[in-house]
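So you can see what is in the structure, the chains are spelled out below.
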Amino acid sequence: MQMNRLDLDSFDRKILGVVAAEGRISVTDLAGRIGLSKSPTQTRLKRLEEQGIIKGYRAMLDPIQLGREHVAFVEIRLSDTREKALNAFNTAVRAIPEIEQAHLIAGNFDYLLKVRVQDMSSYRQVLAEKLSTLPYVASTSTYVAMQAIKEESSAAF
């Protein structure tokens, strides 16, 4: 049974808010934070995981300390936007580790990619050897980020 957004009650939303902000914490600590006992908290958490609302838990890495501080946003225009072309492009994009995000866009271009690499030289190489060779790419436009003002992966609940 698939739960829709409207079926989430205040306790479910509290659980989502805590795990989105802090990742995996003990069920006992989570229960105390949301105001339920351990058993119903654990049941709710398991249901949210099984239904795919919670997709997983990850460590948040600092890309700057890992030497990947250069961020570029790339507009991609495709030569063909039929389903076969979109699927081929999507599959190829998923295989490029430097692409952090890829979004199909309704606008003057087809995709917006967020690319993270070490420096401009590394970006030029990724552009030439990977992005420009993606299936059905007609053109690209690059916008280099000067500073990240806000980068978060979770929304408020």
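What counts, and at which threshold
Residues numbered from 1 in each chain as written. Predicted model: local features only at pLDDT ≥ 70, side-chain atom pairs only at ≥ 80, totals over all residues. Heavy atoms only, no water. Axes fitted to C-alpha atoms, helices over the stretch in contact; angles between N-to-C directions. Helix = DSSP H or I, 4+ residues; strand = E, 2+ residues; numbered from the N terminus. Parallel < 35°, antiparallel > 145°, perpendicular 65-115°, else oblique. Contact = heavy atoms within 4.5 Å. Nonpolar A, V, L, I, M, F, W, Y, C, P; charged D, E, K, R; others polar. Core = buried A, V, L, I, M, F, W, Y, C linked by side-chain atoms within 4.5 Å. Buried < 20%, exposed > 50% of the residue type's maximum accessible area, 1.4 Å probe, protein only. Phe/Tyr/Trp six-rings, centres within 6.5 Å; stacked < 30°, edge-to-face > 60°. Lys NZ or Arg CZ within 6 Å of the ring centre and 35° of its normal. Expected span 1.5 Å × (residues − 1). Arc of directions from axis to C-beta. Salt bridge = Lys/Arg side-chain N within 4 Å of Asp/Glu carboxyl O.

Asks: Would you mind showing me how to read the packing of helix α2 (residues 27-34) against helix α3 (residues 38-50) here?
Replies: When two helices pack together, their arrangement is given by the angle between the helix axes and by the axis-to-axis distance. Running from N to C, α2 and α3 cross one another at 100°; their axes reach a closest spacing of 9 Å. Taken as axis vectors, α2 and α3 run roughly perpendicular relative to one another. Here Val27, Thr28, Leu30, Ala31 and Ile34 of α2 come into contact with α3, specifically with Lys38, Thr41, Gln42 and Leu45. Across the contact of α2 with α3, the residue classes tally to 5 nonpolar, 3 polar and 1 charged.

Asks: Please explain the nonpolar core as it appears in this structure.
Replies: Most often, soluble globular proteins keep nonpolar side chains buried together rather than apart. Membership of the largest hydrophobic core comes to 17 residues, with the highest contact counts inside it found for Leu113, Val115 and Leu131. Contributions of two or more residues to this core are made by β1 (70-78), α4 (83-94), β3 (111-117) and α5 (120-131). In this structure, Leu8, Val18, Leu45 and Ile54 belong to the second largest nonpolar core, which totals 11 residues.

Asks: Explanation requested: the packing of aromatic side chains in the structure shown.
Replies: Any aromatic ring pair is given by two values, namely how distant the centres are and how the planes are angled relative to each other. Inspection of every chain in the model, using the stated rule, returns 1 aromatic pair. With a centroid separation of 4.3 Å and 40° between ring planes, the pair formed by Phe89 and Tyr111 is classed as tilted. Of this pair, Phe89 sits in helix α4 while Tyr111 sits in strand β3, and the two are 22 residues apart along the sequence. Pair check on accessibility: Phe89 and Tyr111 agree, each one buried. A cation over an aromatic ring shows up here: Arg24 above the ring of Tyr57, its NZ or CZ 4.1 Å from the ring centre.

Asks: Whenever I open this one, α4 confuses me. Can you help?
Replies: Side chains of residues three or four places apart in an α-helix project in the same direction, reflecting 3.6 residues per turn. Between its first and last C-alpha atoms α4 spans 17 Å; for 12 residues at 1.5 Å apiece the expected length is 16 Å, and the two agree. Every buried residue of α4 is accounted for by Ala85, Leu86, Phe89 and Val93. All buried residues of α4 project into a common sector of 100° when viewed along the axis, lining one side. Projecting away from the buried face of α4 at angles above 90 degrees are the exposed residues Glu83, Lys84, Thr91 and Arg94.

Asks: Is there a simple way to think about the pattern of salt bridges in this case?
Replies: Pairs may arise between side chains of opposite charge once their charged atoms sit close together. Enumeration according to the criterion identifies 12 salt bridges in this entry. Between Glu98 and Lys130 there is a salt bridge, and its shortest N-O distance comes to 3.0 Å. Here the residue Glu98 occupies a position in the loop between α4 and β2 (99-104), and Lys130 occupies one in helix α5, the gap between them amounting to 32 residues. With a relative accessible area of 29%, Lys130 lands in the partly exposed category. Look at the salt bridges and you will find they share partners, linking Asp9, Asp12, Arg44 and Arg47 into a network.

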